[in-house]
Structures are given as C-alpha cells and as structure tokens.
Number of protein chains: 2
Amino acid sequence: MAQQSVFKALADPTRREILRELKKGSATAGELAEKFPITRASLSHHFNIMKAAGLLRDQRRGQHIVYSLNTSVMEEVAALMLDLVGKPASRRRKKT
Amino acid sequence: MAQQSVFKALADPTRREILRELKKGSATAGELAEKFPITRASLSHHFNIMKAAGLLRDQRRGQHIVYSLNTSVMEEVAALMLDLVGKPASRRRKKT
DNA sequence: ATAGTATTTAGATAGTTGTCTAAATGTCGA
DNA sequence: TCGACATTTAGACAACTATCTAAATACTAT
C-alpha cells in the first residue's frame, strides 16, 4: 500500500463521499453516479485513483461494474492514520 | 475543524514528515529546516497550511518560533480518520 | 540606531488535479 | 450482427500547489 496514493486519494471530498457511500454497501458506477453532481467520466476518474490506492475493488456484472471497499486495505489505512496522528494504534499482531 | 483543510494538509509528504518530527517534541522553524531539503520559505508555507488546518501551534520565543502539535485537534483528526476509514472509533465522551 | 540572525511574505513558475466533452470499449438482447 | 445501454479513455483547460528567489518583518545585542 503506497502511503502517498492513499493520502492523496482521501484529500478529495468527492472521493471521501464515495467511500462513505460504499461503506453502506457495494454499488455500481451508475448507482453512484446518481448521487453525485458530476459527470460519469469524472467519477470514473475518481474510481481509478481510489483503485490505484487500493481502496476500491471493481468487478464487472453484466453491463454494470460493481464497486466495493477493499476492507483489508481500509484496515491498514486506519492504522496508518492513527500512526500519523498520534494514537497508540490497536496493534493486532506483533509483526506478521 | 474543517475536514477538507485537514485532509489536504495531510496529503503532502513533507507535511506528514513535519508532523512525525513534531510528535517527538516541539521544534523551532530553524531546527525543522535542518531536516528538510527545501528552503525555509517553502517550509514556512507548509507551516501556514498546517496551522490553518489546526494541526500546529506556533509560539514565538525570542527570535525563534516554536512549533508544536495541537494535540487536542490531533485527537479529533484521529476520530475523523477512523470514521471515514471504518473502525468504530474509541468514543471517549458522549457529546461534550 | 545599527548590524546580525530567524522567520515570514510576495511574486513567479512548473507541475498537478478535477472537471468537462467527445469518442471508444464492453455487454446484452433481439 | 445491430442497436441500446453502461462505463471508461482521451484530450483539453482552468484552478490549485509546491517550490524557488528576493524582499520584508521581527527580535536581540552592541
């Protein structure tokens, strides 16, 4: 997981909103598009950035593409954030 | 605390490094400058952004300016991050 | 006051980013 | 295969950002 790409991904409000939306459950690009006032092309751009950061997974289902959170990476991100921002971080394991 | 300013502040690697440096303890602008390969002017710019986000405090001491983490805001930021990224967030208090 | 040190502000610039429109790709059903 | 639908890719553009140099401000000591 590349730190920089994750932080960059989270720096945009639309992307954070997408994340919150997906926390409720997976959704197709089209379903997400209905909730945002930007073009589908722009949204697609955001998906790419988040995929590159490892935050999202995509999976084609017929003509639709379903996006969902990559929960395992989200856990890592949480730890990363806590490390940066000061808390002791709920260490689950010692090393690997 | 303005969400967007905080996330933006954290999106830059130099600023995150400054944060880590200050976690070890307060430092003057000059002391910090010695650890980074950019000009003091650029560093000052970063300080401004982090101050605006509420992450840093500054305090003049003679000709030096001492920077330190604003720990209370850092706690809020941690909660913010966890909220976004999925963990239940160690809720300390109910409302105020 | 003056000189010296620490830091910031101002202004410029190259690179990055979010958005758009238009075109391309992929998939399904007839 | 054809047309319709869902989504992405390509290319362009304005706005933003990290950095720089040069100049200004703030403080200390002589």
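It should be emphasised that the depicted structure is a prediction, and the values quoted were computed from it without experimental measurement.

### Things to note about the protein's contact with DNA strand D
Move 1: Of all residues adjacent to DNA strand D, which total 26 residues, the nearest are A:Gly30, A:Tyr67, B:Thr39, B:Ser42 and B:His46.
Move 2: Within 4 Å of the protein, atoms of DNA strand D come from sugar and phosphate in 77% of cases.
Move 3: Within the side chain of A:Gln63, one N or O atom sits 3.3 Å away from a base oxygen of DNA strand D.
Move 4: At a separation of 2.3 Å, a phosphate oxygen of DNA strand D approaches a polar side-chain atom of A:Tyr67.

### Focus: the relation of the copies chain A and chain B
Move 1: Mapping chain A onto chain B is achieved by rotating through 180 degrees and translating by 0.0 Å along the same axis, at an RMSD of 0.0 Å. Those values place the two copies in the arrangement expected of a two-fold rotation axis.
Move 2: When the interface residues of chain A are mapped onto chain B, 100% of them are again interface residues, pointing to one common binding face.

### Some points on the interface of chain A and chain B
Move 1: Listed as interface residues are 24 residues of chain A and, on the opposing side, 24 residues of chain B.
Move 2: Overall, the association of chain A and chain B removes approximately 2,200 Å² of surface from exposure, summing both partners, and the carbon and sulfur fraction of that is 60%.
Move 3: Seen at the junction of chain A and chain B, the total is 0 salt bridges.
Move 4: In this assembly, chain A and chain B are joined by 8 residue pairs in polar contact (both at pLDDT 80 or more).
Move 5: Counting only elements with at least two residues in the side of chain A that touches chain B, the list comes to α1 (3–10), α2 (13–23) and α5 (71–85) of chain A.
Move 6: Of all the elements, α5(A) adds the most residues to the side of chain A that touches chain B, at 9 residues.
Move 7: Looking at the side of chain A that touches chain B, its residues break down into 12 nonpolar, 4 polar and 8 charged.

About the criteria used
- Residues numbered from 1 in each chain as written.
- Chains lettered and ligands numbered in written order.
- Predicted model: local features only at pLDDT ≥ 70, side-chain atom pairs only at ≥ 80, totals over all residues.
- Heavy atoms only, no water.
- Near = heavy atom within 4 Å.
- Polar contact = N/O pair within 3.5 Å; in protein donor to acceptor, adjacent residues only side chain to side chain.
- Least-squares fit on C-alpha atoms with pLDDT ≥ 70 in both.
- Contact = heavy atoms within 4.5 Å.
- Buried area = accessible area lost by both parts, 1.4 Å probe.
- Salt bridge = Lys/Arg side-chain N within 4 Å of Asp/Glu carboxyl O.
- Helix = DSSP H or I, 4+ residues; strand = E, 2+ residues; numbered from the N terminus.
- Nonpolar A, V, L, I, M, F, W, Y, C, P; charged D, E, K, R; others polar.

Shape is all these values report; function is a separate question.
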